[in-house]
Number of protein chains: 2
Amino acid sequence: MNWPNHVEKILSKLDIALPIIQAPMAGGFTTPELIAAVSNAGGLGSIGAALLTPESLCEIIQATRALTSKSFSVNLFAPLKYERSEEKIQKINEIMAVYRQELNISPSITADIKQPISFEEQLEAVLSEKIKIISFTFGTPGSEILRKLKNHQIIVIGTATTVKEAILLEKLGYDIIVAQGSEAGGHRGTFLDSFENSMIGTMALVPQMVDAVNIPVIAAGGIMDSRGLEAAIILGACAVQMGTAFLTCPEAGTHPKHKAAILEGTEEHTKITSVFSGRPARGIRNRFMDEMEKYQNSLPDYPLQQSLTSSIRKKAAELNREEFLALWAGQGIRLSQSKPAAQLLLELMSRLTIFNKTNNK
Amino acid sequence: MNWPNHVEKILSKLDIALPIIQAPMAGGFTTPELIAAVSNAGGLGSIGAALLTPESLCEIIQATRALTSKSFSVNLFAPLKYERSEEKIQKINEIMAVYRQELNISPSITADIKQPISFEEQLEAVLSEKIKIISFTFGTPGSEILRKLKNHQIIVIGTATTVKEAILLEKLGYDIIVAQGSEAGGHRGTFLDSFENSMIGTMALVPQMVDAVNIPVIAAGGIMDSRGLEAAIILGACAVQMGTAFLTCPEAGTHPKHKAAILEGTEEHTKITSVFSGRPARGIRNRFMDEMEKYQNSLPDYPLQQSLTSSIRKKAAELNREEFLALWAGQGIRLSQSKPAAQLLLELMSRLTIFNKTNNK
């Protein structure tokens, strides 16, 4: 390959061969098999660790290390302040009671809300496992923690959905920024302006962000193949982060019904919704999303709503009822395939038309 | 330049030197000076003729021809069915009365609604002037008219915001399709699914559309410079259509306050709104947009609302009150400049890094 300088730099910084990052998708998608396959093939595998207990996180790190000697990253959700409104919880539990009944789950009570997993303990787990690349979504965990990570020589990647967010992350000392375009599947990383004002398409977001900061920018959102990779690099990105493209790999922990929905889905089937977690995320429309939409503005805060829907989603997964699953997917959905991760990466590289070996520019 | 084949084909089909189309923005922006400057510099200038009477349209065509011997295109809005609800008209007039008062315009009455301009007469004007490239927004004018245009050897360009729309346009015999990504400024071209479901980012939309149709696809939405142009071509587009980038050219008929708002604006300042016309369009947020937002779902249909706000916008323009103007702009807004169109195109070409002359791929 003959990558431009800005790409070469990040390859050397992250110690990877290909400028492709497998997005850290929280929720059991990023299995050790997927992460290791991506890292072994030259990309950067990532653990979507936001919903993992410190113990599970350590287990996954160790299991991944058993499959690869290459580096991989861990993503955590920066801790969010939230308000616990018993009224909202009770109201939404009443509304969702029909689904519990339909799925034969015992009626939920307030006590159903699990204690959110401690961010500090997750971070301690990551540090104890000597992970060298950490990324954050939902903003930033604060300057003290960032200093600590710096002292451990950890590369810190932030997520920005607007130029303003990127400028702030750079100021705070982040090493790299993921520019999350509006096409992206899963949770929006927005943390400054409103979610509505922060839906910027990748084509517009990347060059504006690249112009505004001096640290490397990784493009995310709607990128599924070699065309998206090369386009992103030309826009100024030093690498791409791909989520949906990896969700349908056999190594991914994606529910078979979720995989099928992606493989059959089209670009106008996805939508931003808060009904699964209390925070906006892009997924394929289904019955739960449609029926719950009218309650979007009265949901308990994240992570309370996340916790309240978790038994519904879990039981639905057991019963293969995709109408209750969070079918995360981005807008590039028609381009999804069901190939092993290594083959996906190989094809991506072999189909480059600009930055391939024979091009001597 | 060493354009790939798919670009060379469209250059020869449209008889232009550069794969850049100046978007046909309705509302007085596309002056003969702007159109001619773009066409003379090798791009394709376009008249945004949707709101023009047949007489004005002929005048602009002739004035443009006095400035260029190159070809340029004319865009019309495909005629839309609409319902005239006196109740909605009366209600919205009451709501907007405060603005009329503030701007010292006589109170509006139902009779204030102008007779919509006849699409058939617009089309006759275009045919009588022997225009060779016509584009449509808001769907398609029907197979009889398309046949007529074909018989006149006119190249017909359609606008699609989803793959499904593109497939339909190809079936109907369109020659070229503009893929309008969610980043794009101005009116959404959506005509099949809901507007909400048809907000697909350019990065995701272009490759999916290119894969689905056999006719050339032009990328639009968020493209402002040579990076966007090259990225779009790599995604499979044969050319780009740029609107916002040309709105700030000295030749454009853009109000000075509108130009200033674009030059100072940032990507999170734009928003999709229906309040100006009755149909969703992207512009920079201002007082009218914010205050009227809560009535979005009770507006009279397009073009009734368009007509009802026209005296407000006209008077606001006279008084330099940008808080009442429709400040159309796309999400690439930070990249806007105020250079003459010819210089903009020259710079765009000189900054190509992939498809420039010295690259011998």
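Here, every reference points to the structure presented above.
Described in the following lines is the structure provided in the data block. In this numbering scheme, every chain counts its residues from 1 along its sequence in written order. Here chains are named by letter from A upward and ligands by number from 1 upward, in the order in which they appear as written. Only residues with pLDDT of 70 or above have their local features reported here, since the model is predicted, and side-chain atom pairs are shown and tallied only from 80 upward, although totals for entire chains, interfaces and linings are computed over all residues. Each side-chain value is derived from all of the structure's non-hydrogen atoms; neither hydrogens nor water enter the calculation.

## Description of the pairing of strand β5 (residues 155–160) of chain B
All names here are of chain B. Exposure categories follow from relative accessible area, calculated using a 1.4 Å probe and restricted to protein chains: below 20% of the type maximum is buried, above 50% is exposed, and the middle band is partly exposed. Every helix listed is a DSSP run of H or I at least four residues long, and every strand listed is a run of E at least two residues long, numbered separately from the N terminus. Of all the six residues making up β5, six are buried; the element is thus mostly covered by neighbouring parts of the structure. What you see with β5 is no split at all: Ile155, Ile157 and Thr159 on one side and Val156, Gly158 and Ala160 on the other are buried throughout. Any two strands with at least two DSSP bridges between them are considered paired. Sheet topology note: the strand β4 (residues 133–137)/β5 ladder contains three bridges and is parallel. Looking at β5, one finds that Ile133 is bridged to Ile155. Here a crossover is taken to be right-handed if, once the strands point away from the viewer, the path from the first strand over the helix to the second is traced clockwise. Read as a crossover between parallel neighbours, the route from β4 over helix α6 (residues 143–151) to β5 is right-handed.

## So, the nonpolar core
As used in this record, nonpolar core signifies buried Ala, Val, Leu, Ile, Met, Phe, Trp, Tyr and Cys residues forming a set joined through side-chain atoms within 4.5 Å. Formed by 238 residues in total, the largest nonpolar core has its most connected members in Phe246 of chain A together with Phe246 of chain B. In what follows, residue pairs with any heavy atoms lying within 4.5 Å of each other are defined as contacts. Setting aside residues up to four positions removed in sequence, Phe246 of chain A forms contacts with Ile20, Ile21, Gln22, Met25, Leu34, Val38, Ala252, Ala341, Leu344 and Leu345 of chain A.

## Concerning the sheet that holds strand β7 (residues 186–187) of chain B
Residues and elements named next belong to chain B. Read across the open sheet, the three strands follow the order β7-β11-β10; overall the sheet is antiparallel. Two strands close off the open sheet at either side, each with one partner strand: β7 and β10 (270–273). Two strands pair when backbone bridges link them, and β7 and strand β11 (residues 281–284) are joined in this way by two bridges, in the antiparallel orientation. Across the sheet, residue His187 finds its bridge partner in β11, namely Ala281.

## Some words on the interface of chain B and chain A
With 44 residues of chain B at the interface, the matching set in chain A holds 44 residues. Put simply, buried area is the surface a 1.4 Å probe can reach on two separate parts but cannot reach once they are joined, added for both. The contact between chain B and chain A buries some 3600 Å² in all, and 57% of this surface belongs to carbon and sulfur atoms. Every case where a carboxyl oxygen of Asp or Glu lies within 4 Å of a side-chain nitrogen of Lys or Arg is listed as a salt bridge. Our count for the chain B to chain A interface comes out at six salt bridges. Counted as a polar contact is a pair of N or O atoms within 3.5 Å, where, for protein atoms, one must be capable of donating a hydrogen and the other of accepting one, and residues adjacent in sequence contribute only when both atoms are in side chains. Between chain B and chain A we count 16 residue pairs in polar contact (both at pLDDT 80 or more) in total. The set of elements that each furnish at least two residues to the side of chain B that touches chain A consists of α7 (163–171), α8 (202–212) and α9 (226–234) of chain B. Under the grouping applied here, Gly and all other residues not named as nonpolar or charged are polar, the nonpolar ones being Ala, Val, Leu, Ile, Met, Phe, Trp, Tyr, Cys and Pro and the charged ones Asp, Glu, Lys and Arg. When its residues are assigned to classes, the side of chain B that touches chain A shows 16 nonpolar, 14 polar and 14 charged.

## As for the pairing of strand β9 (residues 239–242) of chain A
Residue and element names in this part refer to chain A. Of the two faces of β9, the one lined by Ala239 and Gln241 and the one lined by Val240 and Met242 are each fully buried. As judged from the three bridges shared by strand β1 (residues 20–22) and β9, these two strands associate in the parallel manner. The partner of Ile21 across the bridge, within β9, is Gln241. Inspection of the sheet shows strand β8 (residues 217–220) paired to β9 by three bridges, in the parallel sense. If you follow Ala220 over to β9, its bridge partner there is Gln241. Between β8 and its parallel partner β9, the chain crosses via helix α9 (residues 226–234), and the hand of that crossover is right-handed.

## Concerning the environment of Lys130 of chain B
Residues and elements named next belong to chain B. Inspection of the secondary structure puts Lys130 in the loop between α5 (119–128) and β4. The class for Lys130 is exposed, based on a relative accessible area of 62%. For the pair formed by Lys130 and Ile61, sequence separation is 69 residues and the distance between their alpha carbons is 9.9 Å.

## A word on a nonpolar patch on the surface
All names here are of chain A. Together, Leu168, Leu172 and Leu192 make up an exposed nonpolar region whose accessible area comes to about 210 Å². Locating Leu168 in the fold gives a position in helix α7 (residues 163–171). Under the relative-accessibility criterion, Leu168 is labelled partly exposed at 30%. The patch calculation keeps residues exceeding 30% relative accessible area without a salt bridge and links them within 9 Å when they carry like charges or within 5 Å when they are nonpolar (Val, Leu, Ile, Met, Phe, Trp, Tyr). Here the accessible surface of atoms and residues is derived via Shrake-Rupley with a 1.4 Å probe, and residues count as covered only by protein chains that are part of the display.

## Comments concerning the sheet that holds strand β2 (residues 45–48) of chain B
Residues and elements named next belong to chain B. One open sheet accounts for eight strands, arranged β1-β9-β8-β6-β5-β4-β3-β2; its pairing is parallel. Looking at the sheet topology across the chains shown, the edges are occupied by β1 (20–22) and β2. For this sheet, the mean angle separating the axes of adjacent strands, direction not counted, is 25 degrees. In the sheet, β5 pairs with strand β6 (residues 176–180) via four bridges, with the strands oriented parallel. Residue pairing in the sheet places Ile157 in a bridge with Ile176 of β6. Only C-alpha atoms enter the line fits that serve as axes; for helices the fit covers just the stretch in contact. Angles between N-to-C directions range over 0 to 180 degrees.

## Section: the packing of helix α8 (residues 202–212) of chain A against α9 of chain B
Two quantities define a packed helix pair, namely the angle between the helix axes and the distance between the axes. It is at 10 Å that the axes of α8 of chain A and α9 of chain B come closest, and there the two elements cross at 140 degrees. As the angle between them shows, α8 of chain A and α9 of chain B are arranged oblique. Here α8 of chain A and α9 of chain B pass one another in a crossing that is right-handed. Of the residues in α9 of chain B, those in contact with Met203, Pro207, Val210 and Asp211 of chain A of α8 of chain A are Arg227, Gly228, Ala231 and Ala232 of chain B. Residue composition of the contact of α8 of chain A with α9 of chain B, grouped by class: five nonpolar, one polar and two charged. When describing relative orientation, an angle under 35 degrees is termed roughly parallel and one over 145 degrees roughly antiparallel, while 65 to 115 degrees is termed roughly perpendicular and anything else oblique. A clockwise turn of the near helix away from the far one marks a right-handed crossing, whereas an anticlockwise turn of less than a right angle marks a left-handed crossing.

## Remarks on the pattern of salt bridges
Counting across every chain of the model gives 34 salt bridges over all chains. Of the charged contacts, one joins Lys271 of chain B and Glu196 of chain A as a salt bridge, the two residues approaching to 3.6 Å between their closest N and O atoms. Here Lys271 of chain B is found in strand β10, whereas its partner Glu196 of chain A is found in the loop between β7 (186–187) and α8 on a different chain. For Glu291 of chain B, the salt bridge goes to Arg287 of chain B, with nearest N and O atoms at 3.0 Å. One end of the pair is Glu291 of chain B and the other is Arg287 of chain B, both in helix α12 (residues 287–292) and four residues apart, which spans about a single turn. A relative accessible area of 28% means that Arg287 of chain B is categorised as partly exposed. The structure contains a network of salt bridges with shared partners spanning Glu102, Arg287, Glu291, Arg321 and Glu323 of chain A.

## Re helix α14 (residues 341–350) of chain A
Owing to its 3.6 residues per turn, the α-helix brings residues three or four apart onto one side. Every buried residue of α14 of chain A is listed here: Ala341, Leu344, Leu345, Glu347, Leu348 and Met349 of chain A. Along its buried surface, α14 of chain A packs onto β1, α2 (32–40), α9, β9 and α10 (244–247) of chain A.

## With respect to the relation of the copies chain B and chain A
The copies are overlaid by a least-squares fit using only the C-alpha atoms of residues whose pLDDT is at least 70 in both copies. Overlaying chain B with chain A gives an RMSD of 0.0 Å, the required rotation being 180 degrees about an axis along which the chain moves by 0.0 Å. Overall, the copies show the geometry of a two-fold rotation axis. Taking C-alpha positions as reference, the residue of chain B nearest the rotation axis is Ala231 of chain B, located at 2.1 Å. Looking at the interface residues of chain B, 100% of them are also at the interface in chain A, so both copies use one shared face.

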